[in-house]
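Coordinate inspection notes
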Amino acid sequence: MPAPGLRGSLSQPPIVIIAVERWSHITRQGIEFAARLSPEVIALHVEPSERSDLLQMDWEHYVDRPFRAAGKEPPQLRLLPSPYRFIIIPIVQFILDLSKKNATRSIIVVIPELVEDKWYEYFLHNQRGRLLEWALLARGNDRIFTVSAPWYVGKRP
Amino acid sequence: MNLLDLIVGKPLKTSDERAEQIGPAEGIPIFGLDALSSAAYGPEAALSLLIPLGLLGVRYIIPVSSAIITLLVIVYFSYRQTIAAYPAGGGSYTVARFNLGARAGLLAAAALLADYILTVAVGISAGVGALVSAVPRLLPHTVSLCIGILIVITILNLRGVREAGVIFAVPTYLFVGTLLITIFAGAIRVVLSGGHPMPVAPLPPPPPMTEAVSYWLLLKVFASGCTALTGVEAVSNGVKAFRESAVDNARRTLTVIIFLLAILLAGISFLVKSYGIAATDPGQPGYQSILSMLIGAVFGKGVFYYIAIASILFVLSLSANTAFADFPRLCRAIAQNNYLPHAFGYRGRRLVYTYGIVVLALLSGGLLLLFRCVTDRLIPLYAVGAFLAFTLSQAGMVMHWRKHRGPHWLKSALVNGLGALVTGITVVVVLVAKFAEGAWITLLFVPLTIVFFMEVRRHYHSIKMRIACRLPVCAEASASRP
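Residues numbered from 1 in each chain as written. Chains lettered and ligands numbered in written order. Predicted model: local features only at pLDDT ≥ 70, side-chain atom pairs only at ≥ 80, totals over all residues.

Quick word on the packing of helix α4 (residues 92–100) of chain B against helix α15 (residues 375–403) of chain B
All names here are of chain B.
- Where α4 meets α15, the closest approach of the two axes is 8 Å, and the angle between their N-to-C directions is 45 degrees. Classified by the angle between their axes, α4 and α15 sit oblique to one another. Regarding α4 and α15, the two cross each other, and that crossing is left-handed. Here α4 contributes Ser92, Val95, Ala96, Asn99 and Leu100 to the contact with α15, which in turn contributes Ala389, Leu392, Ser393, Ala395, Gly396, Met397, Met399 and His400.
- Here the residues of the contact of α4 with α15 sort into eight nonpolar, five polar and no charged. (Axes fitted to C-alpha atoms, helices over the stretch in contact; angles between N-to-C directions. Helix = DSSP H or I, 4+ residues; strand = E, 2+ residues; numbered from the N terminus. Parallel < 35°, antiparallel > 145°, perpendicular 65-115°, else oblique. Left-handed = near helix turned anticlockwise from the far one by under 90°. Contact = placed C-beta atoms within 7 Å. Nonpolar A, V, L, I, M, F, W, Y, C, P; charged D, E, K, R; others polar.)

See below:
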């Protein structure tokens, strides 16, 4: 009978997953936060997308270089193929596989999100962050955690 | 297999896209259903306005129909040129945007959205209207029947265009076939009887004459009858859906659709005049549609009559499908220019633009509920949107020829210019003649939609500016390996 409490090894840091679409302030803030949580960060980008090439160039320039300059291992960028154009499912599948392979470690999924000023503007942007969170709750396990990394469009007091 | 798979089918791969493309035989029902089925309500809309002239009024259908068919031919040449000039899909939106500027493009887009929403509403309500006039017992269930048909069409379209094509082909060809047989047989009877045929099924008594003829009345008759032209632009919007060579296949499809429509309109008018068929008051007891009286007069009310009426019912309610093929594509084009939420550009699990299909279903369903499914009240809204889009598209083509001066540019520009002028006059006539009867709703919808487009774009632009980032990450504070 396992002892009640947090599962997963405490001696190892968590693996941090972050979903990225393109280079932006939202992504930058999310990566900085993810990198504080653990030295082991994996960024996931789902193909096909017209932005894949641009993202890889930006990644090299804005992420790889500064990490190497600081003498640290940069987060790795993984491109996930998606022949059915699903965005959420490949990410969820990757996380579940990763969790199975690392049965003693916990995984933190950082979800960078744009937060609008007004409620109706909510409909102008995709709500994949919410969907990803729900999908992970529905199919995940007790070693997978989700964290929202909000980026506010308007000013906050 | 889960429930969603059962309803909308298994997901398709992006690389399966080519298989979803079509040729003329499938293109005629998909892009022509709306145009061809207009023959079922266009002449009727014109004849309804001739009721006050009594039996005498019926003969005016010939000059009015001639004018409408002339307009149809002008519009045909215009769209033939458009298909070749814009093989990636040259709807009124694209043509107006490229040639008349972004603002005219938005005007065309808003007009087209109204046009498509009303194509769905009018098609379904007219189909169900015909059904309940044939089976009066169903009259109390009109609204639920309309909504039921709307749901079925929506699901078919969420499954994908190719399968929808097969399902819509049979009624379309049956509709055109039975009407052509009726016209052919009727024409022979007219000739054999020396121009005075006896109707097989008796016609209702002609209405009394309560008004004298005036040019204004004939102009209104023409404007209403022009609803027979709605839907002919569909092919030029959807050139991309055709197999290679897409331009040739699209042109062939358009030619067949226009030719069939012209034959149907000419034949119906000729027989209506020869048999002396006057319209009956819609919404009153004893109402019968023009086509019902016409087929009854030629063949009597036997098996053929019921097959023909059934195909009319099917085709009218399914004409909505043309809009379901085009509305999502238009929304995607608008969304790519950031004037609509980007969600309209995402293709769902079945390679169709799911959001466009669902939004169209919701808006047309709302209109059906608002107007309690009465076709007559929807038609004025319809004509304004459709003809505004025609006008902008053809005015855009005139500018196109002026810019790209090919060998016969002046002739081409004159054809399109004439089309723009005549369809423009039609818009004004419909707006003035039908303003109080509902045209004002479209007049309100169009500018409000344009404001919405501009707001969406402004918003996307400001977000893009704010999240654009040229700063590298700050790696100093990040966690280190233990």
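There is more to say, and it comes next.
With respect to the confidence of the model for chain B
- Per-residue confidence for chain B averages 84 on the pLDDT scale, and 91% of its residues sit at or above 70.
- Confidence metrics for the complex model read pTM 0.78 and ipTM 0.74. (pLDDT = per-residue confidence, 0-100.)

Here we look at the packing of helix α8 (residues 215–225) of chain B against helix α16 (residues 409–433) of chain B
All names here are of chain B.
- Closest axis-to-axis distance for the α8/α16 pair is 9 Å, and the angle between their directions is 110 degrees. The angle between α8 and α16 falls in the class roughly perpendicular. Contacts between α8 and α16 involve Leu219, Lys220 and Ala223 from the first element and Thr426, Val429, Val430 and Ala433 from the second.
- Considering only residue class, the contact of α8 with α16 consists of five nonpolar, one polar and one charged.

Here's the deal with the environment of Phe33(A)
All names here are of chain A.
- Among the secondary structure elements, Phe33 is positioned in helix α1 (residues 25–37).
- A tally of 18 C-beta atoms within 10 Å means that Phe33 is categorised as partly exposed.
- Separated by 77 residues in sequence, Phe33 and Val110 have C-alpha atoms that sit 8.4 Å apart.
- Those residues in contact with Phe33, other than ones at most four positions away along the chain, are Val110 and Ala149. (Buried ≥ 20, exposed ≤ 12 C-beta atoms within 10 Å, placed from the backbone.)

Regarding the sheet that holds strand β1 (residues 15–19) of chain A
Residues and elements named next belong to chain A.
- Pairing is parallel in the open sheet, where five strands are placed in the order β3-β2-β1-β4-β5. Unpaired on one side and paired on the other, β3 (76–80) and β5 (144–152) mark the two borders of the sheet. Averaged over neighbouring strand pairs, the angle between their axes works out to 25 degrees when direction is ignored.
- Pairing of strand β2 (residues 41–46) with β3 involves five bridges; the strand directions are parallel. Within β3, the position partnered with Leu44 by the bridge is Arg78. (Pairing = 2+ DSSP bridges.)

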